[in-house]
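Residue strings, one per chain:
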Amino acid sequence: MTDASQYIVNQWLRDFTVEVLMPDDSTAGTGVAVSPDGKIVTCAHVVRAALGVEPHDAGDQTVALYFPQARRDADKQRKARVAGCFREHDDDVVVLQIVDGLMPLAPEQIAVIGRCEGSDGHEFSTYGYRFADKVPEPLYGDGKVMSVLDVPRGRQRHSGRVQLKTSDVNAGMSGAAVLDNQRNLVVGIISSKYFTESPPDRDLAFAVNARVLSLDGLNIPLWREETYPRKAGQTPKLTDEQEQQVKSA
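So, here's what we can say about the structure. (Residues numbered from 1 in each chain as written. Predicted model: local features only at pLDDT ≥ 70, side-chain atom pairs only at ≥ 80, totals over all residues. Heavy atoms only, no water.)

Let's talk about the side chain of Arg130
- Note that Arg130 resides in strand β8 (residues 123–132).
- Look at Arg130: it is buried, it has no salt bridge, and the nearest opposite charge is Asp168 at 4.9 Å.
- One polar contact links the side chain of Arg130 to the main-chain carbonyl oxygen of Asp168, over a distance of 2.9 Å. (Helix = DSSP H or I, 4+ residues; strand = E, 2+ residues; numbered from the N terminus. Buried < 20%, exposed > 50% of the residue type's maximum accessible area, 1.4 Å probe, protein only. Lys, Arg positive; Asp, Glu negative; His and termini not counted. Salt bridge = Lys/Arg side-chain N within 4 Å of Asp/Glu carboxyl O. Polar contact = N/O pair within 3.5 Å; in protein donor to acceptor, adjacent residues only side chain to side chain.)

Structure below.
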């Protein structure tokens, strides 16, 4: 039982969200930390943009990552190589492995992943490097998970894409987490947005079903239960002076 100074919180998106950089240090996209041993998930097209080659042809080339939540400045930037991708399938996702040091995040800052099946109609939250006024800035977004779609003819995918209803996804957010607010699980990786001002497609975006991360070639473990337990967060305790200011306001 929690006392009045605590509240119940979901996974904190800022804990495990990282910036994927281009060679000139501009933003290529967003990534999600998924294991304490240095694995990061992002979109295949983000890595393709950063390296100029297909992920399966990247070899020893490295992608620069930026960890804004790392406490020491020396830990904020890391380099990573492609550690897993799908050669014969079109699922737009890649696993990167840090190669120049340890993961600069604590174990409790790693995303907990679950399959998207079971999230239909649920509200979601996301956080990524959205271009606002042409400058990439880490911003929150939200929306609704519609459903996992069928794989269209002519595509080789392990899973159909996840249809999202949101107006908050924009360039730079590819690779950002889709956090199911009800299940408290990252159930997708944002991959694309349908850019139009015409309804109903102006709020249409897509994500990769997080279930494919567990398949051979990527091998990221999934949470096996339907939901991930929420935890109690500590509310800030006010000083006497601050409490008086609140009462006066």
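Now that the structure has been shown, the text picks up again.
Here's the deal with the sheet that holds strand β6 (residues 77–85)
- Ordered in space as β2-β3-β4-β7-β6-β5, the six strands form a closed barrel in which the pairing is antiparallel. The mean inter-strand angle of the sheet, taken between neighbouring strand axes irrespective of direction, is 45°.
- Pairing of strand β4 (residues 39–42) with strand β7 (residues 94–98), which is carried by four bridges, proceeds in the antiparallel orientation. Looking across to β7, one finds that Lys39 is bridged to Gln97. (Pairing = 2+ DSSP bridges. Axes fitted to C-alpha atoms, helices over the stretch in contact; angles between N-to-C directions.)

Regarding the nonpolar core
- The biggest cluster of nonpolar side chains holds 46 residues, and the ones touching the most others in it are Leu65 and Phe67.
- Broken down by element, this core gets its largest block of residues, five residues, from helix α2 (residues 44–51).
- Once you skip the residues sitting within four places of it in the chain, Phe67 turns out to touch Val18, Ile40, Asp75, Lys76, Arg78, Ile98, Met103, Pro104 and Leu105.
- Formed by 14 residues, the second largest nonpolar core is a distinct cluster that contains Val162, Val169, Val178 and Val187. (Core = buried A, V, L, I, M, F, W, Y, C linked by side-chain atoms within 4.5 Å. Contact = heavy atoms within 4.5 Å.)

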